[in-house]
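One letter stands for each residue in the lines below.
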Amino acid sequence: MAMIRTCVVTKEFEVMHDVDLAFVNSPDVSWYWVDFHEPTDEESDLLASFFRFHPLAIEDCLEYVQRPKLDFYDRYLFVVLHAIAGTTLEAEEVDLFVGQNFIVSFHKSSIHAVDDVWERLKREQDVQQGPFHVMYRLIDKLVDDYFPPLYNIEDVLNDLEENTNNEPIHDIIEKVFDIRGDLSKLRRTIVPMRDLLYRIIHSDRLQRMKERQLYFHDIYDHLLKLSEMIETNREITSDIRDSYLSLNSNRMNNIMMTFTAITTIFMPLTFIAGIYGMNFDYMPELRWKYGYFAVLAIMAVIGIMMFAWFKRNGWFQLLKGDSSKEERRR
Amino acid sequence: MAMIRTCVVTKEFEVMHDVDLAFVNSPDVSWYWVDFHEPTDEESDLLASFFRFHPLAIEDCLEYVQRPKLDFYDRYLFVVLHAIAGTTLEAEEVDLFVGQNFIVSFHKSSIHAVDDVWERLKREQDVQQGPFHVMYRLIDKLVDDYFPPLYNIEDVLNDLEENTNNEPIHDIIEKVFDIRGDLSKLRRTIVPMRDLLYRIIHSDRLQRMKERQLYFHDIYDHLLKLSEMIETNREITSDIRDSYLSLNSNRMNNIMMTFTAITTIFMPLTFIAGIYGMNFDYMPELRWKYGYFAVLAIMAVIGIMMFAWFKRNGWFQLLKGDSSKEERRR
Amino acid sequence: MAMIRTCVVTKEFEVMHDVDLAFVNSPDVSWYWVDFHEPTDEESDLLASFFRFHPLAIEDCLEYVQRPKLDFYDRYLFVVLHAIAGTTLEAEEVDLFVGQNFIVSFHKSSIHAVDDVWERLKREQDVQQGPFHVMYRLIDKLVDDYFPPLYNIEDVLNDLEENTNNEPIHDIIEKVFDIRGDLSKLRRTIVPMRDLLYRIIHSDRLQRMKERQLYFHDIYDHLLKLSEMIETNREITSDIRDSYLSLNSNRMNNIMMTFTAITTIFMPLTFIAGIYGMNFDYMPELRWKYGYFAVLAIMAVIGIMMFAWFKRNGWFQLLKGDSSKEERRR
Amino acid sequence: MAMIRTCVVTKEFEVMHDVDLAFVNSPDVSWYWVDFHEPTDEESDLLASFFRFHPLAIEDCLEYVQRPKLDFYDRYLFVVLHAIAGTTLEAEEVDLFVGQNFIVSFHKSSIHAVDDVWERLKREQDVQQGPFHVMYRLIDKLVDDYFPPLYNIEDVLNDLEENTNNEPIHDIIEKVFDIRGDLSKLRRTIVPMRDLLYRIIHSDRLQRMKERQLYFHDIYDHLLKLSEMIETNREITSDIRDSYLSLNSNRMNNIMMTFTAITTIFMPLTFIAGIYGMNFDYMPELRWKYGYFAVLAIMAVIGIMMFAWFKRNGWFQLLKGDSSKEERRR
Amino acid sequence: MAMIRTCVVTKEFEVMHDVDLAFVNSPDVSWYWVDFHEPTDEESDLLASFFRFHPLAIEDCLEYVQRPKLDFYDRYLFVVLHAIAGTTLEAEEVDLFVGQNFIVSFHKSSIHAVDDVWERLKREQDVQQGPFHVMYRLIDKLVDDYFPPLYNIEDVLNDLEENTNNEPIHDIIEKVFDIRGDLSKLRRTIVPMRDLLYRIIHSDRLQRMKERQLYFHDIYDHLLKLSEMIETNREITSDIRDSYLSLNSNRMNNIMMTFTAITTIFMPLTFIAGIYGMNFDYMPELRWKYGYFAVLAIMAVIGIMMFAWFKRNGWFQLLKGDSSKEERRR
Ligand SMILES: [Mg+2]
Ligand SMILES: [Mg+2]
Ligand SMILES: [Mg+2]
Ligand SMILES: [Mg+2]
Ligand SMILES: [Mg+2]
Ligand SMILES: [Mg+2]
Ligand SMILES: [Mg+2]
Ligand SMILES: [Mg+2]
Ligand SMILES: [Mg+2]
Ligand SMILES: [Mg+2]
Ligand SMILES: [Mg+2]
Ligand SMILES: [Mg+2]
Ligand SMILES: [Mg+2]
Ligand SMILES: [Mg+2]
Ligand SMILES: [Mg+2]
Ligand SMILES: [Mg+2]
Ligand SMILES: [Mg+2]
Ligand SMILES: [Mg+2]
Ligand SMILES: [Mg+2]
Ligand SMILES: [Mg+2]
Ligand SMILES: [Mg+2]
Ligand SMILES: [Mg+2]
Ligand SMILES: [Mg+2]
Ligand SMILES: [Mg+2]
Ligand SMILES: [Mg+2]
Ligand SMILES: [Mg+2]
Ligand SMILES: [Mg+2]
Ligand SMILES: [Mg+2]
Ligand SMILES: [Mg+2]
Ligand SMILES: [Mg+2]
Ligand SMILES: [Mg+2]
């Protein structure tokens, strides 16, 4: 739903919504906020024709997708911010032009944080704060919206670590790799946003915002925590993956070893049976009364001895119940 | 057990405990310490209503879990510290507001170090030191409490390295991965605390604490040592894991090779027995007097030659006693 | 097609193309651009004999391949830039000498970006801008040309991740390693170019370009984004490779385990058949009326029990349809 | 052998050994060195009661084991150094208090470097140098003693790389992991010592030592070289381990493949023998005159063809002598 | 061939070779170069007795092997440089003492670059340049000599990547590990040399060399490129190794799977043959006229069905010609 929303605060602290764009420059206006919401090409042209912003800044708005950044122009700051789309975790760009008496926001998709701040401003009628306060509220809300997907990932990882659902290893590995991909996506948004806030806090040219430094520092704290959560969770994915792979390979090896040991035990027995299955005319043992039982006894002795020897050397791990314990645990 | 504890030092160096909160601002009071211990929501409200601390700082107190940090407000420092819960190794937040004549501590769970410092202060009646000394004692004690869990991990790793309990590889790998997780948890607490102490030591705005720099440097030394211990122990876990996995895979391979060699030896022997088990009318060898014994002899020769050849090429590693040596060592 | 192209702007803002080289130093000339396009050795000698550039700079032009860099000489800047050859992704050097009233470009192969800027200048007749504007346009175009190969890699990686073409693992691994090599090549060009732009933006000696800083910053943004895309894509290649290798090894193991389990089931059955194939004179079972059927029944019981036990323990993974699901997905 | 050694230089440049401790503060004394050698608790108390050193510094002496560091107190430097115990490669702490006219050394175990410098000072009677020269000589000697264990490791690694002793892979891997552990231990001593020397060289507060900077720089060079040797040798251990593991796994695979190929060849042959071992009444082939020989011939043809096919495809790697070559090389 | 070479330039710009050492300090001499070429111990003593260089610098000359570095003494610079021995790629030390009117070079082995510069100086009679120019020429030549071994490694890696010689995997892995070792050796020389040149360019105390900065910058460019080549080639070795190992393991697995599938097919067939080889008195099938042919038919059906099922599931990868394609490619 393409549109341009306007919000104007007059010098008498009256708040007016959805006024005509031409009215914003009237001398009665103390400050205004214009929001480009999924704009059409004609609406986007207003950035140049009406607001006369710098061509490089406009290019950054129209060209998808810029990194988060802060540029200083003569009359205004130009800020590029990133929201995170709830389902895909892709970054979505929000551009702000912030001057002394205006803020212009521009975004090609619907952004939850922008709508939220717009609606609160309407309700609260908090008119004295001005453009820089709106910018603070927008960034604060955008960053608050980064937490839910990350908490969600932490929950999934916790389940995987305990393997509460007893999933097959194949699905666990798939999930771990999916989560790694999601963490990389989030990091690509969060780390440049963190660096942008660092720049905002430490910029000499933002002296006029110094009284707000405490507030931007609060956002920076959140971004620091978010980026640490990402690194921590990436580490956890590696550890889960390595742990599963090595335990699984260990379990596989134990099974294979047991199978192979069984085969190895029957090999000489089958060979002995083969010998007495030969059709030679003169094979004295075949004529003995208890030859058959003697051979059965010898086979039993050989089989039991091999079994005992293998068992003593630990080559029947999975008969000890280890494997079932593994299956219970993971 | 939710409560607010008060400790007041009067201008006459008298120490009073559990006075009414309203008394702390009396002109007779030289300095005071108020401790919020697992506070109820009503008690927490006092941070704003009674002490009039900054909303951002209060938000940090109430919102779990902030990173360790130091914020400068006009009348006070705001410090976020982390204790380590003994059993889970999770970080627990302790917040301090430190002004010229007061210290307010806030923690949602029972913290051993806070109780310890509170009790000592009661006993020692060391009244002249003031709020900054209490802050130093609290941090010093919190950091001292980081050592026991780390020493504990070092002991477990030592046992694993020697494998004194002769545990199966599966359990060793599980333990190693558990320890890696614990080390990551500890690092998430210790590294930001180390950086916080660095900031305390090097902060220009803490000139009033410069006379205490030596003491904070002593804590910083401990945190440096702790963070080095963590990195060292993480490295040891990787080495133990890699070492076990490669030795185990080597041992597995040797066993499988031996089994397979046994199978390979019996294969041609069984085939020969199969040949003379065939029922053709005209098989001259079957009629020979000593055909049976000749075939037995040929089988013995083939079997012994294959065995000797395999052995000479080192394909019976585990018959050399290597594997038992391994089992003894690890 | 070796050649030297000239473009001259007179003091009357007249633009002349392909004038004689000697004319460029005429007092009527406001500024000029000379482009050495795949020059012959004789043409290259003009750098020293006609333009009298510094021997070290000329050596850098003639010697293949210099890193991107910026050197300050008295009368001019010397800039080494890299284009990326579309098919091989190899770096191709473009050297610029930029003075107050001249720009000399030198490149041993045909560079698309140089031709593009040259043609536009001809069309646009944008004569007032001068040498530094040409330099900006050249760098901007060179960097824009880095994007298509990187977008191409992103598309291939996307296909590999989904494995839409259902390719065998062998081909996937080959492609992933090829892409890693291509990303390394691109990084070797892009990272030094990024550092060069950083130097251009922050150089004190480029004060005369300060009014252009915004424009160079725009290029720097692109290079930052490019270098982040490279790191991201390298990470994705590792994850794809690790994921395929571990899933494939898991699938292989499942197949091998199933095969081995089948072998293990038939081993005792074949042994029993062998026993009753022996030719002893006195084997009472052979004389029983239903001995044959009893043995068949026993065999069936043993086989079914082993099969059931193996199945219950999860040793027939691939009979559960997992493997076919894998083949569909990847 | 607990003791306190004293060495006093009088204002007349007379050197006196083993004087009473009380004498060191006599006005005749130009400077003195007191060495606490495995001190008893009573002797350790002298640090506080006699020398009146700062409690934090004394705590560092008594508490094992501090990191190498340099602390500035009003009357003296406090330096923590590490010696390396020859056999265990564990760090051993040496603490120095260095003032204008005294040096006090403290160490809980016998340190070769301290004894060495003490004995040389006795012999050389080099009395004019003073406490800072003793400190330089002690550090220089301590660092020189780091080289022998590292050269020893380099020798062992060299042998392992060539495998001159033709050791089994299991022992090589064990040794490589042991060496990695030793290198980590050495690094934990050498890197903080290197950083300490860096601090000594660059400290503003050590201007009085500036004339000695060249000498401390010489020690710093050695520590730089030592830390580079450690990184290099760690890299070599990884490469040796990776190389052995991959070559060994390759060799194992070749052996297993050969065994499996042999089994695969005999499988159909044994099956054919089984067919003609069946006891059907009507099996015409059994009645043919040369049926037996025909079957033998068919078996030979099948066996030889399979063998030839396998060999042509390279599935008998180990029959080509590769494996014996490997055993010779490694 | 131990010797000391002398080259003297008089105030009249006359060049004299092989003059007596005592002559170099004559007032007629403008500047001189003395080269210690594989010096005997007596000749080395001249560094102290004749030239009176600082003991620490002399110690660095005599003690093998110092890291590249630059030390400032009152009358001279002391520079330690590294040449690379062509065959072993080991570092060889070249020490320079560079004063206002002299340069003394010292090297324990024959260094190609020193001889080359010495001979050119003889030929060119380029007498006005002085000691710092000789130092520049020596460093430039030493660094130029680093390129051939690195180009050589790049060629070998290229061959390995294409596997033009179709070498067995075992040899490829050995070569890759050898090249990694060579790259590490080169890096140990090139990186400290790069840092040395950085220090030369940025040193405040080398203002007298500022007019030469352009020239030293040119050498620094080469060292930057060399160190990037090393990192790039190290990365390539990892990628080649990983790629070969994973492709080889994939190929091995395919072969083993095929072998195992063949064994699995014959297992039930051999079992059936075994059944009808039993000697029970009452086995009705044996009496049937076409029992034998019926069993043969059943066996054929079972075998073909299993083969078809295995093939459909992709368990006969190597019969599809993949393995031969692999062998052709690599
Ligand atoms: Mg945009
Ligand atoms: Mg927030
Ligand atoms: Mg908030
Ligand atoms: Mg996926
Ligand atoms: Mg996803
Ligand atoms: Mg906060
Ligand atoms: Mg909190
Ligand atoms: Mg402490
Ligand atoms: Mg303490
Ligand atoms: Mg666990
Ligand atoms: Mg735990
Ligand atoms: Mg201490
Ligand atoms: Mg060039
Ligand atoms: Mg561009
Ligand atoms: Mg553009
Ligand atoms: Mg390829
Ligand atoms: Mg390619
Ligand atoms: Mg842009
Ligand atoms: Mg790795
Ligand atoms: Mg100590
Ligand atoms: Mg030394
Ligand atoms: Mg020395
Ligand atoms: Mg060991
Ligand atoms: Mg050891
Ligand atoms: Mg030295
Ligand atoms: Mg030397
Ligand atoms: Mg050069
Ligand atoms: Mg050159
Ligand atoms: Mg080698
Ligand atoms: Mg070599
Ligand atoms: Mg150059």
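Basis of the calculations
- Residues numbered from 1 in each chain as written.
- Chains lettered and ligands numbered in written order.
- Predicted model: local features only at pLDDT ≥ 70, side-chain atom pairs only at ≥ 80, totals over all residues.
- Heavy atoms only, no water.
- Pairing = 2+ DSSP bridges.
- Helix = DSSP H or I, 4+ residues; strand = E, 2+ residues; numbered from the N terminus.
- Axes fitted to C-alpha atoms, helices over the stretch in contact; angles between N-to-C directions.
- Contact = heavy atoms within 4.5 Å.
- Least-squares fit on C-alpha atoms with pLDDT ≥ 70 in both.
- Buried area = accessible area lost by both parts, 1.4 Å probe.
- Salt bridge = Lys/Arg side-chain N within 4 Å of Asp/Glu carboxyl O.
- Polar contact = N/O pair within 3.5 Å; in protein donor to acceptor, adjacent residues only side chain to side chain.
- Nonpolar A, V, L, I, M, F, W, Y, C, P; charged D, E, K, R; others polar.
- UniProt positions renumbered as here; feature names shortened; annotations may be inferred.
- Phe/Tyr/Trp six-rings, centres within 6.5 Å; stacked < 30°, edge-to-face > 60°.
- Buried < 20%, exposed > 50% of the residue type's maximum accessible area, 1.4 Å probe, protein only.
- Parallel < 35°, antiparallel > 145°, perpendicular 65-115°, else oblique.
- Domains from an automatic or database assignment.

## So, the sheet that holds strand β5 (residues 76-84) of chain A
All names here are of chain A.
Here is step 1 of the chain: In space, the 7 strands of this open sheet follow the order β2-β1-β3-β7-β6-β5-β4, with mixed pairing throughout. Both outer strands of the open sheet, β2 (15-17) and β4 (69-72), are each paired with one neighbouring strand and no more. The average angle at which neighbouring strand axes cross in this sheet is 15°, direction not considered.
Here is step 2 of the chain: Both strand β1 (residues 3-10) and strand β3 (residues 29-37) contribute to a ladder of 8 bridges, which runs antiparallel. Residue pairing across strands places Thr10 opposite Val29, the latter belonging to β3.
Here is step 3 of the chain: On the sheet, helix α2 (residues 55-62) packs against β4, β5, β6 (91-99) and β7 (102-107) and is oriented at approximately 155° with respect to β6.
Here is step 4 of the chain: With respect to the sheet, helix α6 (residues 169-202) is in contact with β4, β5 and β6, its orientation differing from that of β5 by roughly 150°.

## Here's the deal with the relation of the copies chain D and chain B
Here is step 1 of the chain: Of the transformation superimposing chain D on chain B, the axial component is 0.0 Å and the angular component is 72°, with the fit at an RMSD of 0.1 Å. These values place the two chain copies in the arrangement generated by a five-fold rotation axis. In terms of proximity to the rotation axis, the leading residue of chain D is Gly277 of chain D, whose C-alpha is 4.5 Å off the axis.

## As for the interface of chain D and chain B
Here is step 1 of the chain: Contacts between the two partners involve 55 residues from chain D, matched on the other side by 47 residues from chain B.
Here is step 2 of the chain: Summed over both partners, the interface of chain D with chain B comes to about 4600 Å²; 62% of that surface belongs to carbon and sulfur atoms.
Here is step 3 of the chain: The interface formed by chain D and chain B includes 7 salt bridges.
Here is step 4 of the chain: A salt bridge links Asp281 of chain B to Arg287 of chain D; the nearest nitrogen and oxygen atoms lie 2.3 Å apart.
Here is step 5 of the chain: Counting the contacts that link chain D with chain B gives 12 residue pairs in polar contact (both at pLDDT 80 or more).
Here is step 6 of the chain: Where the side of chain D that touches chain B is concerned, the elements lending two or more residues are α2 (55-62), α6 (169-202), α7 (213-275), α8 (284-287) and α9 (291-312) of chain D.
Here is step 7 of the chain: Here the element with the most residues in the side of chain D that touches chain B is α7 of chain D; it accounts for 17 residues.
Here is step 8 of the chain: Taken together, the residues of the side of chain D that touches chain B break down into 28 nonpolar, 10 polar and 17 charged.

## Some details on the UniProt feature "transmembrane region" (unreviewed entry) in chain A
Residues and elements named next belong to chain A.
Here is step 1 of the chain: The UniProt record marks residues 255-278 and 290-310 with the feature "transmembrane region" (unreviewed entry), using the residue numbering of this structure.
Here is step 2 of the chain: Taken end to end, residues 255-278 has its terminal C-alpha atoms 35 Å apart, with 88% of it in helix and 0% in strand.
Here is step 3 of the chain: This span, residues 290-310, is 95% helix and 0% strand, and a straight line between its end C-alpha atoms measures 30 Å.

## Topic: the relation of the copies chain C and chain A
Here is step 1 of the chain: Overlay of chain C on chain A (RMSD 0.0 Å): rotation 72°, translation along the axis 0.0 Å.
Here is step 2 of the chain: Of the interface residues in chain C, just 15% have counterparts in chain A that sit at the interface too, so the contact is made through distinct surfaces.

## Some points on the side chain of Ser105 of chain D
Residues and elements named next belong to chain D.
Here is step 1 of the chain: With respect to the helices and strands, the residue Ser105 is situated in strand β7 (residues 102-107).
Here is step 2 of the chain: At a separation of 2.6 Å, a polar atom in the side chain of Ser105 contacts the side chain of Asp35.
Here is step 3 of the chain: When near neighbours in sequence (up to four residues on either side) are disregarded, Ser105 contacts Trp33, Val34, Asp35, Phe36, Asp95 and Leu96.

## Looking at the packing of aromatic side chains
Here is step 1 of the chain: Here the structure, examined in full by the defined rule, presents 120 aromatic pairs over all chains.
Here is step 2 of the chain: Between the aromatic rings of Phe53 of chain C and Phe97 of chain C, the centroid separation amounts to 3.8 Å while the plane-to-plane angle is 5°, which identifies the pairing as stacked. In this pair, Phe53 of chain C sits in the loop between α1 (41-49) and α2 (55-62) while Phe97 of chain C sits in strand β6 (residues 91-99), placing the two residues 44 residues apart along the sequence.
Here is step 3 of the chain: Ring centres of Tyr136 of chain D and Tyr215 of chain D lie 5.4 Å apart, and the angle between their planes is 70°; this geometry places the pair in the edge-to-face category. On the criterion of sequence distance, the pair formed by Tyr136 of chain D in helix α4 (residues 131-144) and Tyr215 of chain D in helix α7 is long-range, its members being 79 residues apart.
Here is step 4 of the chain: Residue Tyr136 of chain D is classed as buried on the basis of its relative accessible area of 9%.
Here is step 5 of the chain: Owing to a relative accessible area of 29%, Tyr215 of chain D belongs among the partly exposed residues under this scheme.
Here is step 6 of the chain: Among the aromatic residues, ring-to-ring pairing joins Tyr32, Phe36, Phe50, Phe51, Phe53, Tyr73, Tyr76, Phe78, Phe97, Phe102 and Phe106 of chain A into one connected group.

## Here we look at the packing of helix α7 (residues 213-275) of chain B against α6 of chain D
Here is step 1 of the chain: It is at 10 Å that the axes of α7 of chain B and α6 of chain D come closest, and there the two elements cross at 175°. As judged from the angle between their axes, α7 of chain B and α6 of chain D are roughly antiparallel. Listed contacts from α6 of chain D to Glu228, Thr232, Glu235, Asp239, Asp242, Ser243, Ser246, Leu247 and Asn250 of chain B of α7 of chain B are Ile169, His170, Ile173, Glu174, Phe177, Arg180, Ser184, Arg187, Arg188 and Pro192 of chain D.
Here is step 2 of the chain: When its residues are assigned to classes, the contact of α7 of chain B with α6 of chain D shows 5 nonpolar, 6 polar and 8 charged.

## Some details on the domain arrangement of chain A
Here is step 1 of the chain: In terms of domain boundaries, chain A breaks down into domain 1 (4-244) and domain 2 (279-329).
Here is step 2 of the chain: Between domain 1 of chain A and domain 2 of chain A, the C-alpha centre-to-centre distance is 72 Å.

## Topic: the interface of chain C and chain A
Here is step 1 of the chain: Listed per partner, the contact involves 47 residues of chain C and 56 residues of chain A.
Here is step 2 of the chain: Across the chain C-chain A interface, the total number found is 7 salt bridges.
Here is step 3 of the chain: Linking chain C to chain A there are 12 residue pairs in polar contact (both at pLDDT 80 or more).
Here is step 4 of the chain: At the level of elements, α7 (213-275), α8 (284-287), α9 (291-312) and α10 (322-329) of chain C are the ones that each hand at least two residues to the side of chain C that touches chain A.
Here is step 5 of the chain: At 28 residues, the largest contribution of residues to the side of chain C that touches chain A is made by α7 of chain C.
Here is step 6 of the chain: Residues belonging to the side of chain C that touches chain A are distributed by class as follows: 20 nonpolar, 14 polar and 13 charged.

## Quick look at the pattern of salt bridges
Here is step 1 of the chain: A complete count under the given rule lists 85 salt bridges over all chains for this structure.
Here is step 2 of the chain: Note that Glu228 of chain D is salt-bridged to Arg67 of chain E, the shortest N-O span being 2.6 Å. Taken together, the residues Glu228 of chain D in helix α7 and Arg67 of chain E in the loop between α2 (55-62) and β4 (69-72) connect one chain to another.
Here is step 3 of the chain: Notably, a salt bridge pairs Arg5 of chain E with Asp115 of chain E, separated by 3.0 Å at the nearest N-O pair. Linking Arg5 of chain E in strand β1 (residues 3-10) with Asp115 of chain E in helix α3 (residues 112-124), this pair joins segments that are 110 residues apart in sequence.
Here is step 4 of the chain: Through salt bridges with shared partners, one network takes in Arg241 and Asp242 of chain A, Arg241 and Asp242 of chain B, Arg241 and Asp242 of chain C, Arg241 and Asp242 of chain D together with Arg241 and Asp242 of chain E.

## Regarding the environment of Asp35 of chain B
All names here are of chain B.
Here is step 1 of the chain: Summarising the element assignment, Asp35 is placed in strand β3 (residues 29-37).
Here is step 2 of the chain: Distance from Asp35 to Cys7, taken between C-alpha atoms, is 8.5 Å for residues 28 residues apart in sequence.
Here is step 3 of the chain: Among residues more than four places away in sequence, those in contact with Asp35 are Met3, Ile4, Arg5, Ser105, His107, Val114 and Trp118.
Here is step 4 of the chain: Within the structure, Asp35 has its side chain in polar contact with the side chain of Arg5 (distance 2.7 Å).

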